[in-house]
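# Architecture at a glance
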Amino acid sequence: MVVRFFKKLFNIRDRNEQIKFTGQTAVEKRQHTKQQVTEAIVVTPTQAVESQLDLSALFYSLLFANQSIADSGIANNLERRVMQDIELALSSPQAIAENVLKLPSKILELDRKLADDNIDTKELIKLIEQDPLLCVEVLKLCNSMAFKRSENDVTSIQQALVQVGRQQLRHFITSCLAREMIDIKPIYFRRFGAEIWRHSMQVAFLASELANAEQCDSAFLLGLLHDVGKIAIFKMLVDAFYQAEPGEQPSSTLFKQVMTTKSLTLSALLARYWRLPEHFETPLTLLANTNIKPDDEMTLIIWKANIISECSMLQQVDKLPQKELIVLLAQVGITEQEFAELHKKLLEF
């Protein structure tokens, strides 16, 4: 079902479909041939694992503000301390959930109420308006480039409900509540806060687009929360940064690879401690196994959405070689042209 929906979403033709004469120019034919070659790429399991780890490690370099430091394979004192903290967090996730990264208490309660069609619209609006800061953030999203539906600004929750609909408003509110966890204050890490939020929003958007109608809302929230382990680790990094030697910054390849694998495991452990529904915890647990491509339907949706988002953000700053991009796109089953169209949409976030 996911494959069929994915093909429909991106207008992907079956490979055995006959190509009819369309009066193409020579340039168009060359472009079409290039697209066919992209579709025919076969990625081995080893290539898939290596490219995914390389992509994630490369993505971390985007999150750091200072790009002048060359990568090395040796972890410095700052990185070693954080890696020790990560191991402690994996053995005691409750300490992280209570002291480092608290899940906003309202997020699941309000999400359930927004999903209940029996709640009166006026009661729903009143419930949302009890949190003025939440209202401000929701209206900002409604009026952002990615989601604005008309030339006139949305100025009230009631107007937002009419203009974007109940389901989309639910996504906005969930997003705003989840953003409370991403509060990175030091200047050096502000870039991370902005970029990881943007990535989470992109994955949530893509996941909801890839999912079927019954899975849409769960996929959106799961997309937002899939990187909570990464956020927790960066908050540990912030604490360690104050005690680091002058000039020490996270830059080693080893540290990036550790964060890639360990952050996903921590996300799953946090979901379990927060007592999120099983359909959230299971995909996060499966995603933590970076050695295989997931075959679980929901997990595969988040996995694909994550790769597409990371590719898009890296391409925007010209940090993803074309050869690697083609291999990654082959994994998720889309062509370069289809990715280019998606990339334009993701630039709005």
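Scroll up to find the structure.
Rules used throughout
- Residues numbered from 1 in each chain as written.
- Predicted model: local features only at pLDDT ≥ 70, side-chain atom pairs only at ≥ 80, totals over all residues.
- Heavy atoms only, no water.
- Axes fitted to C-alpha atoms, helices over the stretch in contact; angles between N-to-C directions.
- Helix = DSSP H or I, 4+ residues; strand = E, 2+ residues; numbered from the N terminus.
- Parallel < 35°, antiparallel > 145°, perpendicular 65-115°, else oblique.
- Left-handed = near helix turned anticlockwise from the far one by under 90°.
- Contact = heavy atoms within 4.5 Å.
- Nonpolar A, V, L, I, M, F, W, Y, C, P; charged D, E, K, R; others polar.
- Core = buried A, V, L, I, M, F, W, Y, C linked by side-chain atoms within 4.5 Å.
- Buried < 20%, exposed > 50% of the residue type's maximum accessible area, 1.4 Å probe, protein only.
- Phe/Tyr/Trp six-rings, centres within 6.5 Å; stacked < 30°, edge-to-face > 60°.

## Concerning the packing of helix H7 (residues 121–129) against helix H9 (residues 157–164)
It is at 10 Å that the axes of H7 and H9 come closest, and there the two elements cross at 125 degrees. Taken together, the axis directions place H7 and H9 in an arrangement best described as oblique. The two elements H7 and H9 cross, and the hand of that crossing is right-handed. Of H9, the residues touching H7 (which contributes Thr121, Ile125, Ile128 and Glu129) are Ile157, Gln158 and Leu161. Per-class residue counts for the contact of H7 with H9 are 4 nonpolar, 2 polar and 1 charged.

## Description of the nonpolar core
In summary, soluble globular proteins display a tendency toward joint burial of nonpolar side chains. Counting residues in each nonpolar core, the largest one holds 103 residues, and the members touching the most others are Ile128, Val138, Leu169, Ile173, Leu270 and Trp274. It is helix H16 (residues 297–316) that provides the largest number of residues to this core, a total of 11 residues. Excluding its chain neighbours within four sequence positions, the residues that come into contact with Val138 are Ile157, Leu169, Phe172, Ile173 and Cys176.

## A word on the packing of aromatic side chains
For any pair of aromatic rings, the description rests on two quantities: the centre-to-centre distance and the angle between the ring planes. The full count for this structure, using the stated rule, is 1 aromatic pair. Relative to Phe349, the ring of Phe205 has its centre 5.2 Å away and its plane inclined at 50 degrees; by these criteria the two rings are tilted. Of this pair, Phe205 sits in helix H11 (residues 187–210) while Phe349 sits in the segment after helix H18 (336–346); the two residues are 144 residues apart in sequence, bridging distant segments of the chain. With relative accessibility at 18%, the residue Phe205 sits in the buried group.

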